[in-house]
Amino acid sequence: MKTVKIIVDGVSQTVSAEDPAMPLLYALRDDLGHTNPRFGCGLAQCGACTVLLDGTPVRSCVLPAIAAEGKHVTTLDGLGTQAHPHPVQAAFVEEQAMQCGYCVNGWIMTGAALVRNGKKPTQEQIREACSSLVCRCGAQLAMIRAIDRAAQGAL
């Protein structure tokens, strides 16, 4: 059994990885009690499990927890608070950019990485970055608008 130390939403955490292939998603949800990210497909094809690993969006359902050793993991809860939301979170509210909300984790985390440090991606860059995210409700256009709104600072 391996003990894995990761920094989740700014807090140092330790999880036990009995299986070296145990996905980071399982460590976050089962061991640390985070309700976001979500399990979607388990194959890195939908994006519901997306977290930021040292600022880069990754699919936590296929990333072994041991690959996050000593790294910073940011979940949706770590982006902002209800009183002080991240600009992408605020834009999603302003644009009413979700329906059921199951996939929103992947969209917001990907959007947050895109607009990091004041970057202003184009609509084409946003669409490309989000092209592998799945939304079964059909809210993709509203979510792309929300990410664009956050990127342009239009809040």
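These figures come from a predicted structure and were not determined experimentally.

Moving on, we come to the side chain of T75. Tracing the backbone through its elements, the reader meets T75 in the loop between strand 5 (72-74) and helix 2 (76-79). Separated by 2.6 Å, the side chains of T75 and D9 make a polar contact. Sequence-distant contacts of T75, that is, excluding residues within four places in its chain, are made with V8, D9, L28, H34, N36, P37, V51 and M109.

As a volume, the largest pocket reaches approximately 220 Å³. Lining the largest pocket are 13 residues; nearest its centre among them are T81, P85, Q89, A90 and V93. When contributions to the lining of the largest pocket are tallied by element, the ones reaching two or more residues are helix 3 (87-95) and helix 4 (104-114). With five residues, helix 3 is the single largest residue contributor to the lining of the largest pocket. Of the residues in the lining of the largest pocket, the class split is eight nonpolar, four polar and one charged.

Right, let's get into the packing of helix 4 against helix 6 (residues 140-152). Relative orientation of the contacting elements helix 4 and helix 6 amounts to 30 degrees, with a least axis distance of 10 Å. The pairing of helix 4 with helix 6 is recorded here as roughly parallel in orientation. Here the hand of the crossing between helix 4 and helix 6 comes out right-handed. Contact residues: W107, G111 and L114 in helix 4; Q140, M143, I144 and I147 in helix 6. When the residues that make up the contact of helix 4 with helix 6 are grouped by side-chain class, the tally is five nonpolar, two polar and no charged.

What follows covers helix 4. Across the 11 residues that make up helix 4, a large majority, 11, are buried. All of the buried residues in helix 4 are V104, N105, G106, W107, I108, M109, T110, G111, A112, A113 and L114.

The subject of this paragraph is the pairing of strand 3 (residues 50-53). Two faces, one strand: in a regular strand the side chains alternate between the faces of the sheet. The two faces of strand 3 match: T50 and L52 on one face and V51 and L53 on the other face are all buried. With four bridges joining them, strand 3 and strand 4 (residues 56-59) adopt antiparallel strand pairing. Each bridged residue has a counterpart across the sheet, and for L53 the counterpart in strand 4 is T56. In this antiparallel pair of consecutive strands, strand 3 and strand 4, the connection spans two residues, and D54 shows a positive phi of 50 degrees.

What the rule picks out here adds up to four salt bridges. A salt bridge links K2 to E69, with the shortest nitrogen-to-oxygen separation between them at 3.5 Å. Taken together, the residues span a long stretch of sequence, with K2 in strand 1 (residues 2-8) and E69 in the loop between strand 4 and strand 5 at a distance of 67 residues. In this structure, the salt-bridge partner of R149 is E95, at a minimum N-O distance of 2.9 Å. Residue R149 is found in helix 6, and its partner E95 is found in helix 3; the two are separated by 54 residues along the sequence. Residue R149 is classed as partly exposed on the basis of its relative accessible area of 22%. Through salt bridges with shared partners, a single ionic network connects E94, E95, R145 and R149.

As a further point, take unusual backbone geometry. The amide bond that connects N36 to the next residue, P37, takes the cis arrangement and shows omega of 10 degrees. Despite not being glycine, N117 has its phi angle at roughly 60 degrees, a positive value. Structurally, the position occupied by N117 is in the loop between helix 4 and helix 5 (123-129).

Turning our attention to the packing of helix 3 against helix 4. Look at helix 3 against helix 4: their axes get within 9 Å of each other, and the N-to-C directions meet at 130 degrees. It follows that helix 3 is oblique to helix 4 by the angle criterion. Crossing hand, helix 3 versus helix 4: right-handed. Note on element contacts: helix 4 touches helix 3 through V104, W107, I108, G111 and A112, opposite V88, Q89 and F92. Here the contact of helix 3 with helix 4 is built from residues that sort into six nonpolar, two polar and no charged.

Conventions and cut-offs
- Residues numbered from 1 in each chain as written.
- Predicted model: local features only at pLDDT ≥ 70, side-chain atom pairs only at ≥ 80, totals over all residues.
- Heavy atoms only, no water.
- Helix = DSSP H or I, 4+ residues; strand = E, 2+ residues; numbered from the N terminus.
- Polar contact = N/O pair within 3.5 Å; in protein donor to acceptor, adjacent residues only side chain to side chain.
- Contact = heavy atoms within 4.5 Å.
- 1 Å grid on protein atoms, 1.4 Å probe; cavity = no way out; pocket = protein on both sides within 12 Å on 5 of 7 lines; lining within 4 Å.
- Points joined across faces, edges and corners; volume = space filled by probe spheres on them.
- Nonpolar A, V, L, I, M, F, W, Y, C, P; charged D, E, K, R; others polar.
- Axes fitted to C-alpha atoms, helices over the stretch in contact; angles between N-to-C directions.
- Parallel < 35°, antiparallel > 145°, perpendicular 65-115°, else oblique.
- Left-handed = near helix turned anticlockwise from the far one by under 90°.
- Buried < 20%, exposed > 50% of the residue type's maximum accessible area, 1.4 Å probe, protein only.
- Pairing = 2+ DSSP bridges.
- Salt bridge = Lys/Arg side-chain N within 4 Å of Asp/Glu carboxyl O.

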